[in-house]
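Survey of secondary and tertiary structure
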Amino acid sequence: EYAYTGIIEDQLYELFVKLDFSALIQKFDLHKPETQTPSENATTIQLDKISYKNTLEAFANEFAVTITQDNKILLFDGESLYLLNSFDDLPTGTSIVCYDYKNIVKKSNREDISCSFDVMLASYVLDATMGNFSIENICTSNNISFDNTDESKVIAIYDLYKMLKPKISEENLDKLLYD
């Protein structure tokens, strides 16, 4: 026998986000499901140019980058957060994982910084019908925690990178994304 037991709010919220029904989310007072990633307990380390160069060699290309609200550079390697004063502190030829590489280049005024993985572009390649490719929407669609702080954003970028990169390969979309 089947009986109506009410709505499953987490699933309804995810569906409404995917369909971009923000008015219905507000009308039904739905909230983002609580998720927690293992990287949320990261600590922040202030780096100078010299110590950063050594750290860069240690974790190669697998670190996420975002620009903070006070225009500093926040990096995350899966365990620790690193704070730089500006893009000038990044060595020439640095490769990053980011959200919206075009915006990073625009704000950094440095064309020698390359992007090994852009989570916004990867999300588009995986599902061009999503419509809204904001970091919030991409996180919600992939069940990644995000609370609109700089730290949360760079951790989410890293977690999305770790999640989306294998999906790109599994679906044979590497050439489309990288070429």
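Calculation criteria
- Along each chain, the written sequence defines residue order, and numbers are assigned to residues from 1.
- Thresholds applied to this predicted model are a pLDDT of at least 70 for local features of residues and 80 or more for the giving and counting of side-chain atom pairs; totals over whole chains, interfaces and linings are not thresholded and use all residues.
- Excluded from the side-chain calculations are hydrogens and water; all other atoms, namely the structure's heavy atoms, are used.
- Helix and strand assignments come from DSSP, with helices taken as H or I runs of at least 4 residues and strands as E runs of at least 2, each series counted from the N terminus.
- Residues count as neighbours in contact if any of their non-hydrogen atoms are within 4.5 Å of one another.
- Pairing of aromatic rings covers Phe, Tyr and Trp, the last counted by its six-membered ring, and requires centre-to-centre distances within 6.5 Å; plane angles under 30 degrees mean stacked, over 60 mean edge-to-face, and any other angle means tilted.
- Relative accessibility decides the category of a residue: with a 1.4 Å probe and only protein chains considered, values under 20% of the type maximum give buried, values over 50% give exposed, and everything between is partly exposed.
- Put simply, a patch holds well-exposed residues, over 30% relative accessible area, that have no salt bridge, with like charges counted together within 9 Å and Val, Leu, Ile, Met, Phe, Trp or Tyr side chains within 5 Å.
- For the area figures, the Shrake-Rupley method with a 1.4 Å probe applies, and any residue is considered shielded solely by the protein chains shown.
- By convention in these notes, a salt bridge is any Lys or Arg side-chain nitrogen within 4 Å of a carboxyl oxygen on Asp or Glu.
- The charge count includes Lys and Arg as positive and Asp and Glu as negative, but it does not include His or the ends of the chains.
- Every charge is mapped onto a representative atom, which is NZ of Lys, CZ of Arg, CG of Asp or CD of Glu.
- Axis geometry follows a simple rule: fit a line to the C-alpha atoms, using only the stretch in contact for helices, then measure angles between N-to-C directions, giving values from 0 to 180 degrees.
- A clockwise turn of the near helix away from the far one marks a right-handed crossing, whereas an anticlockwise turn of less than a right angle marks a left-handed crossing.
- Gly is placed with the polar residues, together with every amino acid not listed as nonpolar (Ala, Val, Leu, Ile, Met, Phe, Trp, Tyr, Cys and Pro) or charged (Asp, Glu, Lys and Arg).
- Definition of nonpolar core: a set of buried residues of the types Ala, Val, Leu, Ile, Met, Phe, Trp, Tyr and Cys, connected through side-chain atoms within 4.5 Å.
- Sulfur atoms of two cysteines make up a disulfide when they are within 2.5 Å.

Observations regarding the overall build of the chain
Within the chain, the secondary structure is distributed over eight helices and six strands. The N-to-C order of helical and strand elements in the chain reads α-α-β-α-β-β-β-β-α-β-α-α-α-α. Contacts spanning at least 24 positions in sequence make up 51% of the contacts within the chain whose residues lie at least 6 apart.

Some points on the packing of aromatic side chains
Taken as a whole, this structure holds four aromatic pairs when the rule is applied. On the numbers, 5.2 Å between centres and 65° between planes, the contact of F117 with Y161 is edge-to-face. One end of the pair, F117, is in strand β6 (residues 114-118); the other, Y161, is in helix α7 (residues 150-170), and 44 residues separate them in sequence. Neither residue differs from the other here; F117 and Y161 are each classed as buried. Considering the side-chain rings of Y124 and F133, the 5.6 Å spacing of their centres and the 65° angle between planes classify their relative orientation as edge-to-face. Note on Y124: relative accessible area 44%, which makes it partly exposed. Grouping aromatic residues by their ring pairs yields a cluster made of F76, F117, Y158 and Y161.

Examining a negative patch on the surface
Where like charges cluster on the molecular surface, the negative patch consists of E9, D10, E14 and D29. Within the secondary structure, D29 is located in the loop between α2 (22-27) and β1 (43-46).

Focus: unusual backbone geometry
For N71, which is not glycine, the phi torsion reads 60° and is therefore positive. Along the polypeptide, N71 turns up in the loop between β2 (64-67) and β3 (73-76). By relative accessible area, which is 53% here, N71 ends up exposed. Positive phi outside glycine occurs at D100, with the angle close to 65°.

A word on the packing of helix α5 (residues 119-126) against α7
Running from N to C, α5 and α7 cross one another at 35°; their axes reach a closest spacing of 10 Å. Here the hand of the crossing between α5 and α7 comes out left-handed. Across the interface between the two elements, V119, A122, S123, V125 and L126 of α5 pack against I157, L160, Y161, L164, K167 and I168 of α7. The residue inventory of the contact of α5 with α7, partitioned by class, reads nine nonpolar, one polar and one charged.

So, the nonpolar core
Judged by nonpolar contacts, the single largest core of 29 residues is most densely connected at F117, V119 and L160. When contributions to this core are tallied by element, the ones reaching two or more residues are β3, β4 (80-84), α5, α6 (135-141) and α7. Counting residues per element, this core draws most heavily on α7, at nine residues. With sequence-adjacent residues up to four places away left out, L160 is seen in contact with V119, I135, I138, C139, N142, I144 and K165.

A closer look at the pattern of salt bridges
Enumeration according to the criterion identifies one salt bridge in this entry. One salt bridge in this structure joins D112 and R110, with 2.8 Å as the shortest N-O distance.

As for the state of the cysteines
In this structure the tally under the stated criterion is zero disulfides. C115 takes part in no disulfide bond, and the closest cysteine sulfur to it belongs to C98, at a distance of 3.2 Å. What makes C115 partly exposed here is its relative accessible area of 22%.

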